[in-house]
Structure formats: structure tokens, C-alpha cells
Amino acid sequence: MSTKKLNSNTPTARAWQHRAGELGSGLPDGFIVGTSTSGFQVEGGARDGGRHESAWDAFTTQPGRILDGSNASVSANHFHRQAEDVTLLRELGVDAYRFSFAWPRLQPDGRGGLSQSGFAFYDRLLDGLLRAGISPMATLFHWDTPLELRGGWLNRDTAQRFGDYAHAVGEAFGDRIDDWVTLNEPATVTLGGYALGTQAPGERMLFGALPVAHHLLLAHGLAVQGLRAADVRGRIGIANVHSLVQPAGDREADAVFSELVDVLHNRIFADPVLLGRYPQPPEQFTTELRALIEVDDADLRTIHQPLDFYGLNYRGPSRVAAGRGASTTADGQPSAAAHLPFHLEPLREYPATGSGHSIAPEYLGLSLAQLRDRYGDALPPVWITEGGAGFPDTVDERGAVHDPVRIDYLAEHLTAAVDAVRPGGIAEGVRLRGYMIRSLLDGFEWEAGYTQRYGLVHVDFPTQNRTPKSSYRWLQRVLSAR
Ligand code: IFM
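Residues numbered from 1 in each chain as written. Predicted model: local features only at pLDDT ≥ 70, side-chain atom pairs only at ≥ 80, totals over all residues. Heavy atoms only, no water.

By the naming in an unreviewed UniProt entry, the protein chain goes by Beta-glucosidase and is assigned to Cryobacterium psychrotolerans.

## Considering the site of the ligand
Around the ligand, the neighbouring residues are Gln-41, His-142, Trp-143, Asn-184, Glu-185, Arg-315, Glu-386, Arg-438, Glu-445, Trp-446 and Tyr-454. One of the side-chain N or O atoms of Glu-185 is found 2.8 Å from a nitrogen atom in the ligand. A distance of 2.6 Å separates a nitrogen atom of the ligand from a polar side-chain atom of Glu-386. Here the ligand, which alone exposes 270 Å², has 91% of that area covered by the protein. Its residues assigned to classes, the shell around the ligand shows three nonpolar, three polar and five charged. (Near = heavy atom within 4 Å. Polar contact = N/O pair within 3.5 Å; in protein donor to acceptor, adjacent residues only side chain to side chain. Areas by Shrake-Rupley, 256 points an atom, 1.4 Å probe, with all protein chains shown as cover. Nonpolar A, V, L, I, M, F, W, Y, C, P; charged D, E, K, R; others polar.)

## Some details on the packing of aromatic side chains
Here the distance between the centres and the angle between the planes together describe a pair of aromatic rings. Taken as a whole and assessed by the stated rule, the structure comprises 30 aromatic pairs. Look at Trp-56 and Trp-446: their rings are 4.8 Å apart centre to centre, the planes differ by 55°, and that puts the pair in the tilted class. Here Trp-56, found in helix H3 (residues 55-60), pairs with Trp-446, found in the loop between strand S11 (432-438) and strand S12 (457-460); they are 390 residues apart in sequence, far enough to count as distant. The buried category is assigned to Trp-446, whose relative accessible area is 5%. With a centroid separation of 6.1 Å and an interplanar angle of 20°, the aromatic rings of Tyr-97 and Phe-99 are classed as stacked. In this structure Tyr-97 comes out as buried when scored by relative accessible area, which is 1%. Its relative accessible area of 2% is what places Phe-99 among the buried residues. Members of the aromatic cluster, joined through ring pairs, are Phe-79, Tyr-97, Phe-99, Phe-101, Phe-119, Phe-121, Tyr-122, Phe-173 and Trp-180. Taking the ring centre of Phe-121 as reference, the NZ or CZ of Arg-105 above it sits at 5.6 Å. (Phe/Tyr/Trp six-rings, centres within 6.5 Å; stacked < 30°, edge-to-face > 60°. Helix = DSSP H or I, 4+ residues; strand = E, 2+ residues; numbered from the N terminus. Buried < 20%, exposed > 50% of the residue type's maximum accessible area, 1.4 Å probe, protein only. Lys NZ or Arg CZ within 6 Å of the ring centre and 35° of its normal.)

Shown next, in the form of C-alpha cells:
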């Protein structure tokens, strides 16, 4: 059996399109539904208003790094079209919108005061959202590290710079933001950016990347302190990507590597934040993980700040097998992952999105249950801070985008999340606040360039025309049926 990658217009028999009202009326009272984007992925406006370069701008100039050779200098041009995009959000009927402040737009060199033009852009966005009755959730760091910060996240000083930036942004916007996310997916930055080199800045340090994880976590703690010192009125949390990890077979080595991947992908980013300590790695790997085991207790105290919520970004489960894999980079070269003594295997029993993530909604409930079981009372209320599906998408001859598979995906994941936390559900006890659908708009999908689209709204990049997909119309009906 091989994994079947779907396109969003693959015919589906599941007919969620017709059951929007049923889904909407079944959502619990007060359950918040929003959409999310991130600055680098949708804003464009690369040089407008004095935005300086980020590590991702530099990465996109390196040959072979981005699947279609593209960059994000225009992308969905949200920088110039924010008013139209807020109208799309209002007409969609969402309760909340998650966006990210682009660090090099607000603080071009990663230090010093906030730029006036950067401030003006987000000031208008926030006013527009509030006028439309949409609750803003703001992420402080969604991967666009200012290039001026030499050494990026290998340099401990970047954490200090981030704490200062958080404080300045908190002072500027703290009266208007309901929810603050310090970091988006420090695991992806560490693993993709520094361990494997598939993402910016492209380092291939394998276990040598672990200090990056520590500096990011320190940055999180300093940012929470910075926001609280700025007396922001909103709630504060972090968005971590969690993947339930299981061994591919019943060999002892599969189990050991599976535990290692769980530590590297999930637990080193959640345990210190929620419990104030790094996890114990499988004993075979204590040498590789020494950089974390031997950290100063004072750092752990900084990282372990009281949080108002915990964000779960969900893509799907992972299956781990012992032995080297045949992993390649965007341009088909062997990736650093090919040097590891284990590899990830696809879950062949599930179909996959165009981006290759298993469509396995039951694992969303299982991930919530795992968080509850691991962290118990230390787990604050939870948000699904990202959940959505990327496909190439197809525009039909009338200019419409029919994406029934995305509708199924969203319906089944929303249902799985809500059902999991109901009385008697597998994750009963988790206080689930809401679900942020990725994404409002198609945009720059990192190393995949523009080959995968996540939007509820299609963006024709040459003309910048926005066309709501059938998933947008479907979600409109779900939300109005509440
Ligand atoms: O688009 C990204 C997002 O920026 C971070 N989480 C994963 C998404 C899909 O790859």
C-alpha cells in the first residue's frame, strides 16, 4: 500500500459541504473559530516601509533552497491589501484572526525602537480588526529572524534581543491584543533551520543545533516577562507543533528512535515551558543531548513562566523506523536527515495532503489527550493555534476553486477536536478554547514556495485577485449556523 496524495478537488463522498449547519450548530458555546496567517508568508512589501531582510529573505536567494525558486517579496501583498483582507475575514464571520508581527518590519535591525512605518501598518490592521469585531491573536516570532542579528538563534544574545522586542511591541499594542503567542513552532526552526538545513538559515548541524532550541525557549521566557512588564491586557502563550510519534515496527530500535524523536520534536519544547525541566532522553542519547541536560537552573526558571494558554499546531502523527532513510532537500539533494540512524515513514493507511501530511483527524484528539496525560494540571487552556491543509489547488475554467477535500479536512479536524474534549471524549479535561484555521490566504509556503496553497481564499499571485474557495463559503455557513 502506498500513501495517496490528494488534490483538494479530488471527488469525495463525505459531503461535509452539505452538513455545514449541523457542524455549526454542534460547536460548543464560546468555542472560538479563527483563521491564521504569518507576516513573512503573506505580507510581501519586502522593502516597503523600511522592512529589513530576515534570515528567510537571505535563504530564498540561495539556489536550490526553494522548490519553485520563488521568494516572498510580494507574495499575497497583504502589506498593501490589508483592508480587503479584513473585509474577507469579516464576511467569513470568524471570531478571531491570528497574524504575526514581522520582526524586521517593526524593528528592522532587531534592536532599538520600533519603526514608525512598521507601527503604522499594524496599527491600521488592529483598528480594522477591532472595527470588524474580530479578536486579534498576535504572534511575535514566526520565523523571520532579522538578518542583522548575527549568528541568528545560535547566538544567545538573540534571546535577549527578542525579550526587548517583545517588551516594545507590548507597550505599543498591548491595549488592543487579546492573545499573544511568543513563538511559532520553535521545533521547526531548530530542526528545519539548524539541524537539517531544509529551512532558513540552512544549517545542517544535527545534534549540534540543540543550543538553538535552548535560546528559542529562553527567548520565549524573556518575551513573557517583557510582555508582562509592559502590562499587556491580553493572554499569553506559545504555539508548539506536536506530533504523536509511534514506532514503525516492533523492533527494539524502532521504539528507541521513536522515543528520541518524541523528545526532539515534542518534549524538549513543551517540558521546559510547562514543567520547568528538559526531558530525560533515552539513555543511549545522553551524550548527544548533553547541551540540554546541563543547562543552568536559572535559565529553566526564565523559560518556565506562568502561561494563560498553550497553543497546539497540528499537522499529523509521525512514524519512526530504525535505519537510514533517503531524505532529500527541495532540489533533490540528499538532506542532512539522510545521515541519521533513523527515518520517518509515511502512514500508508491514511491519504495525505499535497504537502504530504497524513489526513488522520483522530490523531488530533490523541495529541490533545497526550498533552493532558503528560502535563496534567500544568497544562493551561489549549488553543489549536494552527490546523489546515495544503494542496496545489486547481482553478476551474470559470475561475472558481472547488476544494471538497479541504472541506472534509476542516470538518473532520474541527469535529475531532471538539468531540475529544467533550464529557466522555478521549481528551476530556482539556480546556479547549478554539481552533485557528490555517490559512486565510494562500501564501509563501517556505521551502515549498508557492507549490502548496493553504488558503480559504485563493490568491492569483500575478494579479493579486482574491477568490474565496468553496471551503470559504462552507465555513461561512458553519459559522452562521452557530
Ligand atoms: O505554513 C506553515 C506555518 O507557517 C507553520 N506551520 C506549518 C504551516 C504549514 O506548513
